[in-house]
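The primary structure of each chain is shown beneath.
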Amino acid sequence: MRIAPAIGALAVAGLVAAPAHSAPAERRFSFDQPAQPLATALLAVSARTGAPIAAPAALTAGRRAPALSGSMSLNQAMRALLAGSDLDFTISTGGVVALRRRSEVVVTAPVVPRPSPPSIEVEELTTVAAISVVARPLAEPVQDAARDTPGQVDVLLEEQLRGAGALGLADALRQIPGVAAGPEAGEARQIAVRGVGGRFTRVRVNGMETLATFGASNAIGGTNRGRAFDYNVFAADLFKQVRLQKTASADLDEGSLGATVDMRTRSPLELPRRHAMLAAEAGYQTVSDRARPRVSAVLSGRDDASRLGVLVSAAYSGRSTLEAGASAGQWETGNAVAPGFGAALAPLDLGTVNAALHARIPRLELVEIDQQRLGLTGSLEWRPSDTTRIALDVIYAELRSNRRENLLESFTFRTPGVCGAPADPRCGLNAVTVTQGDIVMYGGRKPVLIAGRFDGVDVRSEARRDELSTVFRQTTLAASHRFREGVEGRVLLGFSRSDFSNPVQQTLYLEQFDVDGFAYDFSDGDRPALSFGDAALTPPGAWTASEFRSDPNWVDNSYRSLAMDLEDRTGPIDWRVGVLVKTYRSVGAAWMRSDGGIGNVNGVLPGGLSGLSVADYARLVGQGVDFGVSGAPSQWLAFDVARALAAACPDPACYEIGPGPVAALNYAVTERADALYLQLALPRDAGRRVWGEAGVRAVRTGIAAGGLDVAPDAGLRWTTASNAYWSALPSMNLAWSAAPDVVVRFGAARVMVRPDLISLRPGVGLSTTGAKTASSGNPNLRPTRADAFDLSVDWRPRPALQVTAAVYRKNIATTVQSTTTRPAPFSANPFGLPDSVAAAACGAALDCSPTLPIWQFSRPINTGPGRLTGAEASFRVALGERWTLQGAGAYTRTVVRLLDQTGAWVDMQDALGAPRLAANLALAYQRPGLEARVAVSHRGRYIATIPAPNGGDVDGVDPLTTLDAAARLELSPSLTLMAEASNLAGAPQRQFSDRTLIPTYRHDTGREVRVGLRWRM
């Protein structure tokens, strides 16, 4: 669908027409909101008018606001809300509303006496915790919301979540200082915070910890079987607020080294009595040249007494993306692919060539993804009295993706084994002659065959088809009751489940043998080169069907939580006590084409496939695609997987699949956490310069784990194990008002992060589909433990300027590492398994033998110690009345003692899965009726895998800088035109191998543009 010109014309026409829609200074708004806590009322006014409202929690705490109904200006609405109180307000030239006590306001006109309202019982706002949250347009900072909290907290509201050119939830979170996001198919999937990756960050939805996971291509992690949260499962439109707390506190769920992310859906009693919103957009991706819809809706209502409210919301979006690029498939030495290259022409020396790293699977990559995302929320809220609140919240999210990968490649460079005489046509690296080569010393220490030309190479056309889906559902029942003034109890009961399914993962291979002139050159990471020599890429008669793989897999994660706490704010020191009982269960399953035991039969074609006509069931791919690769062919032949299998194997019984070849991916682990906490707090008062909180959290964790295990007789058995440990986690957060415009914060805490549950599985599994490996879990793993310290300064000399700076340090006592050895014969395995087990796993494969030095062994262990140090800064400054510039940056260094592939202990830098540098800069323009924003985000280089499974010591991801833009034009009080664009500079995604930065992967995902309308009642 070619609608890019239409989208561009619509956006330009709307913006050109902007002056015609300028609103007068005393614009009027329609209000319909109940009597409610003042903080909630201010939030509603801010959301309705778009005006930022700076309201310190010390001024709003314990105050009620009257009902607001009718048409009035912002000035009139504010005066009605504050009538009869000792509060007043000012409105700056930039439109910022600031609350102050009446004695602090310069009176320029006589004050008209107002009658006092009737006495109303006080009710605290519970859904926004201790923060006064304001709605703000795109230009406003997130830090305003956390001014009065002793901990370091950042908040995004729904306008930031939806705007700023963000594709999804994780993309929007990049606005927060210290947050970096990594893309999957151009959309961010997970986040890293202050130098630690997603597995060190906990996520709560509507107050309970939960987890959502999805799958990805192998190059960016594959199926998520860990604790890292996949934000792309959710539409950002479902949430009203995301709160990110970077310091720990006793009343916060344990399990975070980076931050705790709290996401909340909308509440019907915080919206007007009758509320409706509908948004519709079209999104276009430049590489796929296709457009897909994105729609969302909110409908809510409450009774006249504001006691009962009901809300439903829905969001749907589709994306059609295309990625194109090249990959080296990681790097390995010829010696590790024993016995290595067979020959090298002069002046090359064969021994030198085999000692150098070469590309394992050099290939062109073409990935097409069709994605549909659906989200539904429902909320039923009842307040039977001013002292009691009961809320039932339900969330349903579904992400479905159909992915088609077409790869033109060679597996020869990763295939070991001695080539006999006469050589089998499937013989691997030992049959290859290196005719030309360029060996470069990377980092002055690592020889790399960065470019070469080769004879005797087998060329493959790989066609893979995936159907992936995640269904997430959560139900929470929350109740709070105020027993008397200042004494309140809360209860939360919740259940969530995330079911990931990849029932279809089917791969068919076409192959040509003994191709001469095959060449690769990865010396230019921005434009690699590939040539497939004398291979005939388009005639069906040149290809032979060679292999069929079927690899379905599933991961289910579920949580059950019961939390209760009691809070007393009547004395000079507030106190809070609570308990949490939480059960987390993860179940994984995977199957593969099997010989009935632990060996795979991927290389044996089922009868129907072996006789299938390539000409009838193949298609040409790659036409018109710019791969960014020199020498890339214009097209090649590949199987149409769905059609070929429908013809050859209409009944799945035509081939056998079982868990044996992937035993390590079949497990069930349950984690039970029982926590008790006590927290004391000194709240902020008008005359108090120091405030804060201190407490301790005690947690017992129990583990019950089970998994498939390969026995010494090569049979399969289910084995179990258990473990338990205690953790005492003290914490403290203090704030000091050093001056009227300066707040200094200090935080100290002991924190812990539990291992991924798959790491706790007992048993050993073998894999022979690529690298030859034997791996196990470790039920006795201990959690990552650290002492964390944070110091920050918040300086706001005037409303038009604010600057924050922070330094932080974490002393890591221990962490969890997955260890991997260098290749060796199977007899070197640490699991006590005989060579007969490896022989059973190898089956009839030519490239697999227990005696070849090709086996690697992996197991998670506790390592450390280490340390993390960093600094973070952010600013916002008004450039006149309409322009605002804001930015943030964080720089973090980590050093952790880890075990390398040789078994030596090394102090590894940047070892926790996050970049050193994360930064963003945004310029925004605002006037009545129009908002526009352009933003640059930068994520530095980071290490993704330590140690790497192949020849490099690590695998990592290169820096990424993206340019995004967003604009909103108000066509009427209820109708808004929206335009957003992502990755306007077309930045590619790149990866590297080894700390010497050997280029290994480059993909283009293109640009995305979205234009639509939003209607609000």
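Residues numbered from 1 in each chain as written. Predicted model: local features only at pLDDT ≥ 70, side-chain atom pairs only at ≥ 80, totals over all residues. Heavy atoms only, no water.

Overview of the overall build of the protein
What counts, and what does not: Starting at the N terminus, helices and strands are each numbered in turn, a helix being any DSSP run of H or I of at least four residues and a strand any DSSP run of E of at least two. The atom set for the radius of gyration is the C-alpha atoms, and the globule formula is 2.2 Å times the number of residues raised to the power 0.38. Residue exposure (1.4 Å probe, protein chains only): buried if accessible area is under 20% of the type maximum, exposed if over 50%, otherwise partly exposed. Using a 1.4 Å probe, accessible areas were evaluated by the Shrake-Rupley method; residue-level cover was limited to the displayed protein chains.
Looking only at helices and strands, one finds 11 helices and 56 strands in the protein. By the compact-globule yardstick of 31 Å for 1017 residues, the protein fits well, its C-alpha radius of gyration being 30 Å. Its C-alpha atoms put the protein at 105 × 60 × 55 Å along the principal axes. The buried share of the protein, taken over its 1017 residues, is 60%. Taken as a whole, the protein presents about 36500 Å² of accessible surface, with 58% of it coming from carbon and sulfur.

A closer look at the packing of aromatic side chains
Here is the rule we go by: Between the rings of Phe, Tyr and Trp (Trp by its six-membered ring), a pair exists once the centres lie within 6.5 Å; its type follows the angle of the planes, with under 30 degrees stacked, over 60 edge-to-face, and the other angles tilted. A ring is scored as having a charge over it whenever the NZ atom of a lysine or the CZ atom of an arginine sits within 6 Å of its centre and within 35 degrees of its normal.
Under the counting rule described, the total for this entry stands at 23 aromatic pairs. Here the aromatic rings of Phe341 and Phe413 are separated by 6.4 Å at their centres, their planes lie at 70°, and the arrangement is edge-to-face. One end of the pair, Phe341, is in the loop between β18 (331-333) and β19 (343-344); the other, Phe413, is in the loop between β22 (388-409) and β23 (433-442), and 72 residues separate them in sequence. Across this residue pair, the class does not change: Phe341 and Phe413 are buried. One aromatic cluster is present, formed by Trp331, Phe341, Phe413, Phe454, Phe518, Tyr520, Phe522 and Phe532 through successive ring pairs. Over the ring of Phe411 we find Arg414, and its NZ or CZ is 4.1 Å from the ring centre. Looking at Arg460, its charged tip hangs above the ring of Tyr509, at a distance of 4.6 Å from the centre.

A word on the state of the cysteines
Worth spelling out the cut-off: Any two cysteine sulfur atoms lying within 2.5 Å of each other are counted as a disulfide.
A full pass over the atoms with the stated rule returns 3 disulfides. Across the disulfide from Cys649 sits Cys654; the S-S distance is 2.1 Å. Residues Cys649 and Cys654 are joined through a disulfide that is right-handed, its torsion about the S-S bond being 110°. Under the relative-accessibility criterion, Cys649 is labelled buried at 9%. Classification of Cys654 as partly exposed rests on a relative accessible area of 35%.

A short note on the pairing of strand β16 (residues 290-302)
The condition that has to hold: Two strands make a pair as long as DSSP finds a minimum of two bridges between them.
Note that strand β15 (residues 274-285) and β16 share 12 bridges and pair antiparallel. Note on β16: the bridge partner recorded for Tyr284 is Ala291. Where β15 folds back onto β16 in an antiparallel hairpin, the turn is made up of 4 residues, including Asp289, whose phi is positive at roughly 60°. Here β16 runs beside strand β17 (residues 308-327); their pairing, made up of 9 bridges, is antiparallel. Looking at β17, one finds that Arg302 is bridged to Gly309. Linking two consecutive strands that pair antiparallel, namely β16 and β17, is a turn of 5 residues; a positive phi of about 55° is found at Ser306 within it.

Things to note about the nonpolar core
Our working definition: Among the buried residues, those of types Ala, Val, Leu, Ile, Met, Phe, Trp, Tyr and Cys that are joined through side-chain atoms within 4.5 Å form a nonpolar core. Here a residue-residue contact requires only that any non-hydrogen atoms of the pair lie within 4.5 Å.
Ranked by size, the top nonpolar core spans 58 residues in total, and within it Trp331, Phe341, Phe454 and Phe532 carry the most contacts. Among the elements that line this core, the one with the most residues is strand β24 (residues 446-455), at 5 residues. Not counting residues up to four positions away in its chain, the partners in contact with Phe341 are Leu350, Val353, Asn354, His358, Phe413, Leu429, Asn430, Val432, Val434, Leu449 and Phe454. Ranked by size, the runner-up nonpolar core spans 52 residues in total, among them Leu169, Val179, Met263 and Leu757.

Examining the sheet that holds strand β7 (residues 97-101)
Across the sheet, 3 strands lie side by side as β3-β7-β6; this open sheet has mixed pairing. One side of each edge strand has no neighbouring strand; the edge strands of this open sheet are β3 (53-54) and β6 (87-91). The sheet contact formed by β3 and β7 spans 2 bridges and is parallel. Residue pairing in the sheet places Ala54 in a bridge with Ala98 of β7.

Regarding the pairing of strand β48 (residues 917-927)
Of the pairings in the sheet, the one linking strand β46 (residues 883-899) to β48 comprises 9 bridges and is antiparallel in character. Paired with Leu885 across the strands is Leu923, a residue of β48.

As for the packing of helix α2 (residues 38-49) against helix α4 (residues 74-82)
Two packed helices can be described by the angle between their axes and the distance between those axes. Note the following rule: The axes are straight lines fitted to the C-alpha atoms, using for helices just the contacting stretch, and the angles between their N-to-C directions are given from 0 to 180°. Roughly parallel covers angles under 35 degrees, roughly antiparallel covers those over 145, roughly perpendicular covers 65 to 115, and oblique covers all other angles. Gly falls in the polar group here, along with every residue not listed as nonpolar (Ala, Val, Leu, Ile, Met, Phe, Trp, Tyr, Cys, Pro) or charged (Asp, Glu, Lys, Arg).
Running from N to C, α2 and α4 point in directions that differ by 175°, and their axes come no closer than 11 Å. Judged by the inter-axis angle, α2 sits roughly antiparallel to α4. Residue-level contacts link Leu38, Ala41, Leu42, Val45 and Thr49 of α2 to Leu74, Met78, Leu81 and Leu82 of α4. Of the residues contributing to the contact of α2 with α4, the split by class is 8 nonpolar, 1 polar and no charged.

Description of the sheet that holds strand β14 (residues 260-265)
Note on sheets: strands pair through backbone hydrogen bonds, and any given pair is parallel or antiparallel. Spatially, β8-β13-β14-β11-β12 is the arrangement adopted by the 5 strands of the open sheet, whose pairing is mixed. In this open sheet, the two strands that pair with only one neighbour each are β8 (153-157) and β12 (208-209). Pairing between strand β11 (residues 202-205) and β12: 2 bridges, direction antiparallel. Within β12, the residue paired with Arg204 across the bridge is Glu209.

Observations regarding helix α10 (residues 641-648)
Each α-helix turn comprises 3.6 residues. Residues three or four places apart therefore point the same way. This is how the line gets drawn: Taking the helix axis as origin, the arc is that swept by the directions to the C-beta atoms.
Within α10, burial applies to Val641, Ala644, Leu645 and Ala648. For α10, the angular spread of buried residues about the axis comes to 90°, placing them on one side.

So, the pattern of salt bridges
Put simply, the rule reads: When a carboxyl oxygen of Asp or Glu is within 4 Å of a side-chain nitrogen of Lys or Arg, the pair counts as a salt bridge.
Under the counting rule described, the total for this entry stands at 71 salt bridges. Asp790 serves as the salt-bridge partner of Arg194, at 2.7 Å between the closest nitrogen and oxygen. Of this pair, Arg194 sits in the loop between β10 (187-193) and β11 while Asp790 sits in strand β42 (residues 784-798); the two residues are 596 residues apart in sequence, bridging distant segments of the chain. Given the relative accessible area of 2%, Arg194 is considered buried. Assessed through its relative accessible area of 3%, Asp790 is described here as buried. Of the charged contacts in the structure, one is a salt bridge between Asp237 and Arg294, with a shortest N-O distance of 3.4 Å. Remark: Arg294 occurs in strand β16 and Asp237 occurs in the loop between β12 and β13 (239-245); sequence separation between them is 57 residues. Residue Asp237 is classed as buried on the basis of its relative accessible area of 9%. Taken together, the salt bridges that share partners define one network made up of Arg202, Arg204, Glu209, Asp253, Glu254, Asp262, Lys582, Arg697 and Arg754.

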